[in-house]
Amino acid sequence: MSTTRQLLNTVQVARFVAHGFLRLDGVVPREMNEEALGVFAAGLPAVPYGTPVPKAFTEGSFARRLVELPAVAGALESLVGPDPTVDHHFVHTREPHEGSAQPLHADALIDVRTDAFDVQLMYYPQEVTADMGGTLVVPGSHLRRTNESDTGRYQNLRGQTRLTCAAGTVMLLHHGIWHGGRRNDSDTVRHMYKIRFNPTVPQVRSWDVSDLDSPAVREELGRFFPWYETATGRLEIHNRIRLWRVLSGDPGFDIDHWATRIENRPALRSQA
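Computed from a predicted model, the values in this text were never measured in an experiment. Residue numbers run consecutively from 1 along every chain, following the written order of its sequence. Per-residue local features of the predicted model are confined to residues with pLDDT of at least 70, and side-chain atom pairs are confined, for both listing and counting, to 80 or more; whole-chain, interface and lining totals are unaffected and use all residues. Water and hydrogen atoms were dropped before computing side-chain values, which therefore reflect all heavy atoms in the structure.

What follows concerns the overall build of the chain. Helix and strand counts for the chain come out as nine helices and nine strands. Radius of gyration (C-alpha) of the chain: 19 Å, near the 19 Å computed for a compact globule of 272 residues. Here the C-alpha coordinates of the chain stretch approximately 65 × 40 × 35 Å along the principal axes. Expressed as a percentage of the 272 residues in the chain, the buried residues total 48%. A separation of at least 24 residues holds for 87% of the contacts in the chain among residues at least 6 apart in sequence. A run of H or I in DSSP becomes a helix once it reaches four residues, and a run of E becomes a strand once it reaches two; helices and strands are each numbered from the N terminus. The quantity called the radius of gyration is restricted to C-alpha atoms. Its globule counterpart is 2.2 Å times the number of residues to the power 0.38. Burial status follows relative accessibility: with a 1.4 Å probe on protein chains alone, a residue under 20% of its type maximum counts as buried, one over 50% as exposed, and anything between as partly exposed. We call two residues contacting when some pair of their heavy atoms lies within 4.5 Å.

Following this line, the structure appears as structure tokens:
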């Protein structure tokens, strides 16, 4: 297996900016998936907030090998930048026939950053079938500011996705995405391992930019999701424009002149 990190391309990063998450299906080898269950059962050592990856996860440890897999390492670097720190990590376990689901929520406090974001890795060592519940995600929800479980009263939103996947699948999520663990109606214990990464450098063009000018980039960034309101949903696209200007290093990037129009300040220019 190649050990060279596999950076994302621009279209993939634009898709992440629009959807708020990215799936890497079946990228973890079978032997690691089998090992994971024993590692999780034994328990994971605590990691202080903001610990660099090499100090958080010792060389050769399961977590270190997981984040150094070429597809995972490349995607992480593409989104959060090189040398991130580990905010925290945790194994989420859903027992069979629990009879309850996690409410829809965004992690941590309300986050007003427009020029940076954390990335949350979610790793599934087992095949996740529909009756096992999986993680519910609301695409395109990550840039709408909310405070933790304020969204918990929402039961279903049009276009939401409930994860089913092959063993060894990894999801990378923007920290603001609305999500929740679904009820496990199967006879199998379900595990999900989460690691939250904090950037340590500006998240600017840290991916393969050879397709930076592809028309597909604007197509991804202009995507509309079924739960968006006709008017207010446009604000989500405007929020993407603002974020993309930072990530791409292009302060003039726009879609349909939206950001340029509302930033027009002739009086300020005349005073310069």
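The subject of this paragraph is the sheet that holds strand β5 (residues 135-138). Through backbone hydrogen bonds, the strands of a sheet pair up, either in parallel or in antiparallel fashion. Paired strands, in this sense, are two strands between which DSSP finds at least two bridges. A sheet is described by the order of its strands in space; here three strands give the open sequence β6-β5-β8, paired in antiparallel fashion. In this open sheet, the two edge strands, each paired with only one partner strand, are β6 (161-162) and β8 (178-181).

The sheet built from six strands is open, its strands ordered β1-β7-β4-β9-β3-β2 with antiparallel pairing. Since the sheet does not close on itself, it has two edges, and those belong to β1 (21-24) and β2 (51-52), each with one partner. Pairing analysis gives nine bridges linking strand β3 (residues 85-94) to strand β9 (residues 190-198), with the strands arranged antiparallel. Counted as the bridge partner of Val86 is Phe197 from β9. On top of the sheet, helix α1 (residues 10-19) reaches β1 and β7 (169-174); it is set at about 125 degrees to β1, its chief contact. Under this scheme, a helix contributes an axis fitted over its contacting stretch, all axes are lines through C-alpha atoms, and angles between N-to-C directions fall in the 0 to 180 degree range.

Next up on the list: the packing of α1 against helix α7 (residues 233-248). The geometry of α1 relative to α7 is characterised by a closest axis approach of 10 Å and an angle of 145 degrees between their N-to-C directions. Handedness of the crossing formed by α1 with α7: right-handed. For the pair α1 and α7, contact is made by Thr10, Val13, Ala14, Val17 and Ala18 and by Arg240, Leu243, Trp244 and Leu247, respectively. Residues are sorted three ways: Asp, Glu, Lys and Arg are charged, Ala, Val, Leu, Ile, Met, Phe, Trp, Tyr, Cys and Pro are nonpolar, and all the rest, Gly among them, are polar. Of the residues in the contact of α1 with α7, the class split is seven nonpolar, one polar and one charged. We call a crossing left-handed when the near helix sits turned anticlockwise from the far one by less than a right angle, and right-handed when that turn is clockwise.

Before going further, it helps to examine the packing of aromatic side chains. Two rings from Phe, Tyr or Trp (for Trp, the six-membered ring) form a pair when their centres are within 6.5 Å of each other. A pair whose planes differ by under 30 degrees is stacked, one over 60 is edge-to-face, and the rest are tilted. Under the definition given, this model contains 12 aromatic pairs. An aromatic cluster of at least three residues, connected via ring pairs, comprises Tyr154, Trp178, Phe224, Phe225, Trp227 and Tyr228.

For Asp254, the location among the structural elements is in the loop between α7 and α8 (258-262). Of the buried charged residues, Asp254 lacks a salt bridge, with Arg245 as the closest side chain of opposite charge at 4.2 Å. Within the local environment of Asp254, its side chain forms a polar contact with the backbone nitrogen of Trp258, the two atoms lying 3.3 Å apart. Polar contact is defined as a pair of N or O atoms within 3.5 Å, subject to the rule that within protein one atom must be able to donate a hydrogen and the other to accept it, and that residues adjacent in sequence are counted only when both atoms are side-chain atoms. In this structure the side chain of Asp254 is engaged in a polar contact, spanning 3.1 Å, whose partner is the backbone nitrogen of Ala259. Beyond its immediate chain neighbours, meaning those up to four positions away, Asp254 contacts Arg218, Ile241, Arg245, Ala259 and Thr260. A residue counts as positive if it is Lys or Arg and as negative if it is Asp or Glu; His and the chain ends are not included. Between Lys or Arg on one side and Asp or Glu on the other, a salt bridge is scored when a side-chain nitrogen of the former is within 4 Å of a carboxyl oxygen of the latter.

So, on to the environment of Met132. Mapped onto the secondary structure, Met132 falls in the loop between β4 (119-124) and β5. Expressed as a C-alpha distance, the spacing of Met132 and His142, which sit 10 residues apart in the sequence, is 25 Å. For Met132, the residues in contact, after removing those within four places along its chain, are Gln126, Glu127, Arg183, Asn184, Ser186, Thr188, Val189 and Arg190.

The next thing to look at is α1. The buried count for α1 comes to eight of 10 residues, which makes it a mostly enclosed element. When α1 is considered as a whole, its buried residues turn out to be Thr10, Val11, Val13, Ala14, Phe16, Val17, Ala18 and His19. On its buried face, α1 is in contact with β1, α5 (70-80), β7, α6 (215-221) and α7. One or two positions beyond α1, positive phi appears at Gly20, with a value near 90 degrees.

As a further point, take the side chain of Thr169. Mapped onto the elements, Thr169 comes out in strand β7. With relative accessibility at 0%, the residue Thr169 sits in the buried group. Apart from the residues lying within four places of it in its own chain, the contact partners of Thr169 are Leu24, Asp25, Gly26, Met122, Tyr123 and Tyr124.

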